[in-house]
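So the chains spell out like this:
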Amino acid sequence: MPTDFFHAVASYGFLQNAVLAGLLASLACGVIGTYVVVKRIAFISGGIAHAVLGGMGIAYFFGGRPLLGAIPAALLSAVIIGWVSLRAREREDTIIGALWAVGMAVGIMFIYKTPGYSADLFSYLFGNILMVSAENVWLVGVLDAVIILLVVMFFKGFTAVCFDEEFARVQGLNVDVLYIFLLCLVALTVVILVQVVGIVMVIALLTLPAAIAGQWLRGLRHMMIGACAAGMLFTQSGLAVSYTYDLPAGATIVLIAGVTFLGSTIFKTLAERGH
Amino acid sequence: MNEKVTPAIAIRSVTFGFTEEPVLEDIFLDIAPKDFIGIVGPNGSGKTTLLKLILGLYTPDKGFVEVLGKTPEKARPNLGYVPQFTNFDRHFPVTVLDAVMMGRLSSTRTFGPFTASDKERAQDALRTVGSEHLGKRLIGRLSGGQLQRVLLARALVSAPSILLLDEPTANIDVKAEESFFDLLQRLNDRVTIALVSHDIGFITSHVNRVACVNRTLVCHPTTKISSETIAAMYERPVEAIEHSRKISGQKHG
């Protein structure tokens, strides 16, 4: 029963953290996800997400907080992948695929060699929003603030680079730097989302809310706001459903998003045919 | 008659290629202020490449390009560029007004959103091309002719002195094409225009001069020639331009 869920949220701190983490993650995922969708960089974002495991594994091995290892790893992989995609046009997908797998392999290697029980590996890969600490909720909030502030500052440039790279270049923008910078913001968003749905399913939250918003709303700003709202709806309803029926939270969130996307696509197609 | 005009665009002995084989070889071309030149040639002849050299998107292997007496990079704020349709995603979720404002990027502030004055100028540019009623529409909802005018507005929004257009009529119907050229001819009172096209027959009735490109370049006057353009043309004699390859299947004006 949903009422049970509301009562539980009112009484359990870990659920309050999960609710907050879900809401805050939706902000970054709506804003950056919109760029991922319109620039068609889902594959590149997937590469960054998976390479992050390398950094988390290394941090874990040295006894640091995996999340703090994830931030430099995500930024580094964003810069490398961005540079590769700018330079090696024709072999881009192969090289990104390689970085994707090698990053994961590095992570698994370090986690395997870390003394003690490696239960965390599972939660990195598939997320565990119920385990998000109050401290990590703060971290997500700070990352959100950084991401949104930078997008507000660079909105014109990011949009121009996504829309028409060559024209942006003629306008004197440093297109390569802006593109890699945007990928760095994707990387920070990935770090946030890893806690909610895990590395493997990051790409769902990065693309589906924005894609759904894009089917119904006009313009990037509206798409971003709509995607944030959709993300909030998915994380919160996913949390409630998973709590009520004892299902894994990350997978429930992603399935709800996926089913909604499918429904939205069908509805949109029918609506357009009706005209 | 001998009054020397600084050319709007000066291309001197330019050779450029992506591989060992040059796409363009030993190109000389002067384009006078207020000239309206058509750059024609078959597919793969290097005409778009020539336009991108003028824009400074490519750097010549040999020779140099000057725009308004400056390097192309420095002259960019004075250049209005209308790219081919294939350069961008036509279904990108951006409204016409927002797309036109992107032409202000070189002149507006670096951080934060566009200003009220950017918006005003964008509306003015839309008015110039007769599309002020389309501002709120998504670019994906425009016809080919409408989109072409919007791209022209984006190029005009920073009041450039030179307009460079790449195949502007490739995706629009004949009627829209006619009125688009009429619009360009009116703009030609204020700006220099260089237009790339594969369709030599159509453009010769609108432009002052035709430059035929096929690795090398040769210039031809058309019937409508103003005194200004004659001056610019004879500044560099036509005979000095190597004309080693004829463009097959196309008449030279």
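The structure presented is a predicted model; accordingly, all values stated were derived computationally and were not measured.

Scoring rules and cut-offs
Residues numbered from 1 in each chain as written. Chains lettered and ligands numbered in written order. Predicted model: local features only at pLDDT ≥ 70, side-chain atom pairs only at ≥ 80, totals over all residues. Heavy atoms only, no water. Pairing = 2+ DSSP bridges. Helix = DSSP H or I, 4+ residues; strand = E, 2+ residues; numbered from the N terminus. Axes fitted to C-alpha atoms, helices over the stretch in contact; angles between N-to-C directions. Buried < 20%, exposed > 50% of the residue type's maximum accessible area, 1.4 Å probe, protein only. Lys, Arg positive; Asp, Glu negative; His and termini not counted. Salt bridge = Lys/Arg side-chain N within 4 Å of Asp/Glu carboxyl O. Polar contact = N/O pair within 3.5 Å; in protein donor to acceptor, adjacent residues only side chain to side chain. Contact = heavy atoms within 4.5 Å. Phe/Tyr/Trp six-rings, centres within 6.5 Å; stacked < 30°, edge-to-face > 60°. Core = buried A, V, L, I, M, F, W, Y, C linked by side-chain atoms within 4.5 Å. Parallel < 35°, antiparallel > 145°, perpendicular 65-115°, else oblique. Left-handed = near helix turned anticlockwise from the far one by under 90°. Patch = residues over 30% accessible without salt bridge, like charges linked within 9 Å, V, L, I, M, F, W, Y side chains within 5 Å. Areas by Shrake-Rupley, 256 points an atom, 1.4 Å probe, with all protein chains shown as cover. Nonpolar A, V, L, I, M, F, W, Y, C, P; charged D, E, K, R; others polar. Buried area = accessible area lost by both parts, 1.4 Å probe.

1. A word on the sheet that holds strand β2 (residues 24-31) of chain B
Residue and element names in this part refer to chain B.
Then step 1. Pairing in this open sheet of three strands is antiparallel, and the strands run β2-β1-β4 from one edge to the other. Whereas interior strands pair on both sides, the edge strands pair on one side only; in this sheet they are β2 and β4 (62-67). Across the sheet, the mean angle separating the axes of adjacent strands is 15 degrees when strand polarity is ignored.
Then step 2. Across five bridges, the pairing between strand β1 (residues 9-16) and β2 is antiparallel. Bridging across to β2, V14 finds its partner in I27.

2. Thoughts on the side chain of A:K156
Then step 1. By secondary structure assignment, the location of A:K156 is in helix α7 (residues 134-163).
Then step 2. Despite its burial, A:K156 remains without a salt bridge, the nearest opposite charge being carried by B:D118 at 6.3 Å.
Then step 3. Reaching out from A:K156, the side chain makes a polar contact with the backbone oxygen of B:G112 at a distance of 2.6 Å.
Then step 4. With residues near it in sequence (within four places) discarded, A:K156 still touches B:L105, B:T108, B:R109, B:T110, B:F111, B:G112, B:P113 and B:F114.

3. Digging into the packing of aromatic side chains
Then step 1. A full pass over the atoms with the stated rule returns 19 aromatic pairs over all chains.
Then step 2. Where A:F163 meets B:F88, the ring centres are 5.2 Å apart and the plane angle is 45 degrees; that geometry is what we call tilted. Of the two residues, A:F163 is situated in helix α7 and B:F88 in the loop between β5 (79-82) and α3 (96-101); the pairing between them involves two chains. When sorted by exposure, A:F163 lands in the same class as B:F88, which is buried.

4. A short note on the nonpolar core
Most often, soluble globular proteins keep nonpolar side chains buried together rather than apart.
Then step 1. Counting 171 residues, the largest nonpolar core has A:Y35, A:V151, B:L152, B:L163 and B:L184 as the members making the most contacts within it.
Then step 2. When sequence neighbours within four positions are dropped, the list of residues in contact with A:Y35 reads A:R40, A:I41, A:V151, A:F155, A:F158, A:T159, A:C162, A:L182, A:L220 and A:M224.

5. Quick notes on the packing of helix α9 (residues 175-197) of chain A against helix α10 (residues 202-216) of chain A
All names here are of chain A.
Then step 1. The interhelical angle for the contact between α9 and α10, taken along N-to-C directions, is 115 degrees, at an axis separation of 8 Å. Comparing their axes, α10 and α9 come out roughly perpendicular. Classified by chirality, the crossing of α10 by α9 is right-handed. Residues V186, T189, V190, L193, V194, V196 and V197 of α9 lie in contact with α10, whose contacting residues are V202, L205 and L206.

6. Things to note about a nonpolar patch on the surface
Then step 1. Judged by side-chain polarity, A:Y12, A:F14, A:L130 and A:Y243 come together as a nonpolar surface patch covering roughly 340 Å² of accessible area.
Then step 2. Considering the arrangement of structural elements, one finds A:Y12 in the loop between α1 (2-11) and α2 (13-39).

7. Things to note about the packing of helix α11 (residues 220-245) of chain A against helix α12 (residues 249-274) of chain A
All names here are of chain A.
Then step 1. Axis separation between α11 and α12 bottoms out at 8 Å; the angle between their running directions is 125 degrees. The pairing of α11 with α12 is recorded here as oblique in orientation. Here α11 runs over α12; the crossing is right-handed. Contact with α11, carried on its side by F234, T235, S237, G238, L239, V241 and S242, involves A249, T252, I253, I256, A257 and T260 of α12 and no other residues of that element.
Then step 2. When its residues are assigned to classes, the contact of α11 with α12 shows seven nonpolar, six polar and no charged.

8. Quick word on the interface of chain B and chain A
Then step 1. Contact with chain B, which involves 31 residues of that partner, is made by 22 residues of chain A.
Then step 2. Across the chain B to chain A interface the summed buried area is about 2500 Å²; carbon plus sulfur atoms make up 63%.
Then step 3. Per-residue buried area on chain B facing chain A is highest for B:F92, B:P93 and B:L105; these three make up 24% of the total on that side.
Then step 4. Between B:R154 and A:D164 there is a salt bridge, with its nearest N and O atoms 3.1 Å apart.
Then step 5. Taken together, the links from chain B to chain A amount to 13 residue pairs in polar contact (both at pLDDT 80 or more).
Then step 6. For the side of chain B that touches chain A, the per-class residue count stands at 16 nonpolar, six polar and nine charged.

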